[in-house]
Amino acid sequence: MRSSNIQPAVLLSALAASLVALPGSLVAQETSATKSGKYFVVTCEGGDEHTAALALAVVEPVWSLTCATFGVREAKPKKLLSVVLYRDVDGYLKADRRLTGGKFQPNQAMSHWGTKSAHVAMQPPVNDGYIKKFGLPKQTQAMLAWESCHIARFELCRNFRVHPDWFQDGLAAAVSRDALMKLHPAMGEQPFFTQRWWQVRRLAENNELPTIAQLLSDRTEDLGMRNRYAVRLAFFEFVRDSHSDKLVLLAKRIRGTGAGTSYAGKIRKAAVAAFGDLGGEFQRLACKRQPLFDEKVRSLWFDGITWYQTAFAKTHALAFHQEPVKGGKFAASGTVLIHDGVSQQMNFVFARTKRGFYSLAITAGRGFTLFEHREAGNEWHVIGSGNEPGCRAGVDVSFSVRGHGKKLEVQLADHNCTFELPNALPDEVFWGVGAQGGMNGAVTGSSGVWRNITVRGN
């Protein structure tokens, strides 16, 4: 997220203090725990030493990765760089109001110029049991690395306040991805990092991509915020992957040029000289990039055959696979572990068309409900359901879905049912996975683990 140059009246005194949590908090009493490394010191406000140690493991590689981008010999910062992870989003919101006047409330992550500190809320929010079992949510890890890259750049570059937006945002995203790959070597493609290419592809197909000159001049105000970020991050990824030698030279120029009234013009000229003729190559790449999943709502992360998915409290996580099963029939199988919490529902969705899709809602302690979702009016209709005592929180539960025409067979643990669908399956069966948002004012959504998911022609 973008950093702020608003100076605080006082430093964030809550870092080491114990405060009474606000209503709706995940914790009854706020505490703080701190862990220090070679480059960063992490304070987990509202958390324990275990959580702080997990966060430190994420951010420590960021310093070396950022140094490498600027081509400088690695050296320790003058003092440890401060990162604050807020166990409860309320803690982050209070800190943001104190430091920036509330400029970054929706982001739930920011880096602050005046104190050269990074601040990240747990995202999506999860309970203590989740952290003990699975560690920090991967999106939290990504944002910790993202904001830590910003403050590493602050330390390395005296002129950090005038760096081009496309460069500073793209660098943070790239370093975040690299840091997580170091921590999770088998991670592979992740929607958090690839979803930007769906947005850029749509812009390219509609001839709405800004020119390279506009991008390098940060003249992309005609784009909405999400598209603006997507174009910046995708372009930086493109030049780093395909023209890394030019990017390193430009990064050195960005760092080494003195800040002043002529800075922006000098850097813009150098950037256009390096990348100005790449517009066609970037557009062609954007038009052919097709990530494996189109994530409509976060947060889905892959670790080989294990998929972690967690919903935010107020939204339902949803992601669709982009390779359909053809022939009007399919067979899907796998297991799902639903984490114990206030909300305990994971969704396997299939047969997505412009009209809507079907959803097999799997609920711990109950069983399953088969829904038809109609886009028109956002209507949900129950087709059928089944109770299954073996569907419990915290255990892997097997499931399968087999369909042909209007006939659908559902198996959950030891329970089998057959249903007739309102409409026959389309010739191309697109499918996906989801997690239900929070219910009745809950501060967490559902979270679970999909394993060994296979979908093929029946």
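Here the structure is a predicted model, which is why all the values come from computation and not from measurement. (Residues numbered from 1 in each chain as written. Predicted model: local features only at pLDDT ≥ 70, side-chain atom pairs only at ≥ 80, totals over all residues. Heavy atoms only, no water.)

Visitor: I keep staring at the overall build of the chain and nothing clicks. Help me out?
Guide: What the chain contains, in helices and strands, is eleven helices and 21 strands. For the chain, the C-alpha atoms occupy an extent of roughly 70 × 55 × 40 Å along the three principal directions. The proportion of buried residues among the 458 residues of the chain is 55%. Considering only intrachain contacts with a sequence separation of at least 6, the fraction spanning at least 24 residues in the chain is 67%. (Helix = DSSP H or I, 4+ residues; strand = E, 2+ residues; numbered from the N terminus. Buried < 20%, exposed > 50% of the residue type's maximum accessible area, 1.4 Å probe, protein only. Contact = heavy atoms within 4.5 Å.)

Visitor: I tried to follow the packing of helix H6 (residues 191–205) against helix H8 (residues 225–242) on my own but got confused; where do I start?
Guide: When two helices pack together, their arrangement is captured by the angle between the axes and the distance separating the axes. With their axes 8 Å apart at the nearest point, H6 and H8 run at an angle of 105° to one another. As judged from the angle between their axes, H6 and H8 are roughly perpendicular. Here H6 contributes Phe193, Arg196, Trp197, Gln199, Val200 and Leu203 to the contact with H8, which in turn contributes Arg226, Asn227, Ala230, Val231, Leu233, Ala234, Glu237 and Phe238. Classifying every residue of the contact of H6 with H8 gives nine nonpolar, two polar and three charged. (Axes fitted to C-alpha atoms, helices over the stretch in contact; angles between N-to-C directions. Parallel < 35°, antiparallel > 145°, perpendicular 65-115°, else oblique. Nonpolar A, V, L, I, M, F, W, Y, C, P; charged D, E, K, R; others polar.)

Visitor: Help me out: how do you make sense of the state of the cysteines in this one?
Guide: Covalent bonding between the sulfur atoms of two cysteines defines a disulfide. Following the criterion strictly, the structure yields zero disulfides and no others. With no disulfide partner, Cys67 has as its closest neighbouring cysteine sulfur the one in Cys157, 9.3 Å distant. Taking the relative accessible area as the measure of exposure, Cys67 reaches 1% and is therefore buried. In this model Cys417 remains outside any disulfide bridge; the closest cysteine sulfur is found in Cys391, 13 Å from its own. Classification of Cys417 as buried rests on a relative accessible area of 18%. (Disulfide = S-S within 2.5 Å.)

Visitor: How should I be thinking about H6 in this particular structure?
Guide: The periodicity of an α-helix, 3.6 residues per turn, causes residues three or four places apart in sequence to face the same way. An ideal rise of 1.5 Å per residue puts 21 Å on 15 residues; H6 measures up with 20 Å between its terminal C-alpha atoms. Backbone geometry just after H6 places Asn207 at a positive phi near 55°. (Expected span 1.5 Å × (residues − 1).)

Visitor: I would appreciate a short explanation of the pairing of strand S20 (residues 431–435) in the present structure.
Guide: Regular strands place their side chains on alternate faces of the sheet. Counting buried positions along S20 yields five of five residues, so the element is predominantly enclosed. Covered by surrounding structure in S20 are Trp431, Val433 and Ala435 together with Gly432 and Gly434, the residues of both alternating faces. Sheet analysis places strand S9 (residues 317–321) next to S20, joined by four bridges and oriented antiparallel. Paired with Leu318 across the strands is Gly434, a residue of S20. The pairing of strand S12 (residues 345–350) with S20 spans five bridges and is classified as antiparallel. If you follow Met346 over to S20, its bridge partner there is Ala435. (Pairing = 2+ DSSP bridges.)

Visitor: Got a minute to help me understand the pairing of strand S17 (residues 407–412) in this structure?
Guide: Sheet topology note: the strand S16 (residues 396–404)/S17 ladder contains six bridges and is antiparallel. Among the inter-strand pairings, Ser400 is bridged to a residue of S17, identified as Gln411. Relative to strand S18 (residues 415–420), S17 runs antiparallel, the two sharing six bridges. Pairing of Glu409 across the sheet is with Thr418, part of S18. The turn linking S17 back onto S18 is made up of two residues, and Ala413 within it adopts a positive phi angle of 55°.

Visitor: Looking at this structure, I do not really get the sheet that holds strand S15 (residues 379–387). What am I missing?
Guide: Across the sheet, which stays open at both edges, the seven strands sit in the order S6-S9-S20-S12-S13-S14-S15 with antiparallel pairing between neighbours. Looking at the sheet topology across the chains shown, the edges are occupied by strand S6 (293–297) and S15. For this sheet the average axis-to-axis angle between neighbouring strands, irrespective of direction, equals 20°. Pairing of S12 with strand S13 (residues 356–363) involves six bridges; the strand directions are antiparallel. Residue Phe348 lies in a different strand from S13, and its bridge partner there is Leu360.

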